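Examining the three-dimensional arrangement
Chain by chain, the residues run as shown.
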Amino acid sequence: MVLLVPAAFVAAYAQGPPPPPPAKDYFPNTWDEYSFPDGKFRIRFPQKPVESTTIDGEYKTNSVNYKGLLDYQVSYVDYGVLIDNPQKVKEMLQALKTAALNSIRPKGVQIIADREVVVDGHSGVFIHVEVGAKEVIRMQWVAAGSRLYSISTVSRKGIPQELEGKDDFEKIVVGFIGSFHIMP
């Protein structure tokens, strides 16, 4: 029996150290919440995101992103004109979704989910698409006041890093997109 103890110890030691724990990305309930007063929103990220701004013509797009297990991003544009007519908001969101889908359609898009959403009383639309059976994009647009927000994640399809089955990181995406809130 005394000989078995050292043998077991040597066998365990020969296997090397235990693997590192999974990335924080896998546990949305442990993420820190970040507030962006200028953008009037808050959201949880696995790690500190990076802020950037681009200008396209007369509009400035503000973005906050983090590249980890997935690519996480929130962008917004302030159009300077109140978007408050519910029918116009719905039409604008549907037109935006259609334009986005048409821009990637040549790459072989399969729509997995497409639904209207409400975030803190503001109308939005959510899509989940697979592009070329290689990439998974989940995007939600929300219109609030004069702003249009875009909350998105991008990942590879069916990669081995997925811990919880073959749902293309659904739990992580829901944790990210579901943590988006508009501040008054």
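Preceding block: the structure.
Residues numbered from 1 in each chain as written. Predicted model: local features only at pLDDT ≥ 70, side-chain atom pairs only at ≥ 80, totals over all residues. Heavy atoms only, no water.

1. Here we look at the overall build of the chain
- Helix and strand counts for the chain stand at three helices and ten strands.
- Along the chain direction, N to C, the helices and strands of the chain fall in the order α-β-β-β-β-β-α-β-β-β-β-α-β.
- A fraction of 47% describes how many contacts in the chain between residues 6 or more apart in sequence connect residues 24 or more apart.
- For the chain, the accessible area works out to roughly 11100 Å², and carbon and sulfur atoms hold 58% of it. (Helix = DSSP H or I, 4+ residues; strand = E, 2+ residues; numbered from the N terminus. Contact = heavy atoms within 4.5 Å. Areas by Shrake-Rupley, 256 points an atom, 1.4 Å probe, with all protein chains shown as cover.)

2. Section: the nonpolar core
- Among the nonpolar cores identified, the biggest contains 28 residues, and Phe 41, Ile 43, Phe 45, Tyr 149, Ile 151, Phe 176 and Phe 180 are the most heavily contacted of them.
- Elements that contribute at least two residues to this core include exactly β1 (32-36), β2 (41-45), β4 (59-67), β5 (71-78), β6 (109-119), β8 (135-144), β9 (147-156) and α3 (170-177).
- Those residues within four positions of Tyr 149 in sequence are excluded, and the remaining contacts are Gly 39, Lys 40, Phe 41, Ser 75, Tyr 76, Gln 140, Trp 141, Val 142, Ala 144, Phe 180 and Ile 182.
- Counting residues in each nonpolar core, the second largest holds 15 residues, with Val 89, Trp 141, Ala 143 and Leu 148 among its members. (Core = buried A, V, L, I, M, F, W, Y, C linked by side-chain atoms within 4.5 Å. Buried < 20%, exposed > 50% of the residue type's maximum accessible area, 1.4 Å probe, protein only.)

3. Side note on the sheet that holds β2
- The sheet built from three strands is open, its strands ordered β1-β2-β10 with antiparallel pairing. Since the sheet does not close on itself, it has two edges, and those belong to β1 and β10 (181-182), each with one partner.
- Here β2 pairs with β10 via two bridges, running antiparallel. Looking at the pairing, Phe 41 lines up with Ile 182 of β10. (Pairing = 2+ DSSP bridges.)

4. Some remarks on the pattern of salt bridges
- Under the definition given, this model contains seven salt bridges.
- We note a salt bridge from Arg 147 to Asp 78, for which the minimum N-O separation is 3.2 Å. In this pair, Arg 147 is assigned in strand β9 and Asp 78 in strand β5, connecting sequence segments 69 residues apart.
- On the accessibility criterion, Arg 147 (12% relative accessible area) is buried.
- We note a salt bridge from Lys 97 to Asp 114, for which the minimum N-O separation is 2.7 Å. Remark: Asp 114 occurs in strand β6 and Lys 97 occurs in helix α2 (residues 86-104); sequence separation between them is 17 residues. (Salt bridge = Lys/Arg side-chain N within 4 Å of Asp/Glu carboxyl O.)

5. Structural notes on the packing of aromatic side chains
- The tally for this structure, following the rule as stated, stands at twelve aromatic pairs.
- Between Tyr 59 and Tyr 79 the ring centres are 4.9 Å apart and the planes differ by 70°, which places this aromatic pair in the edge-to-face class. Of this pair, Tyr 59 sits in strand β4 while Tyr 79 sits in the loop between β5 and α2, and the two are 20 residues apart along the sequence.
- For Tyr 59, a relative accessible area of 31% gives the class partly exposed.
- Exposure remark for Tyr 79: the relative accessible area of 31% places this residue in the partly exposed category.
- One aromatic cluster in this structure is built from Trp 31, Tyr 34, Phe 45, Tyr 66, Tyr 72 and Phe 176. (Phe/Tyr/Trp six-rings, centres within 6.5 Å; stacked < 30°, edge-to-face > 60°.)

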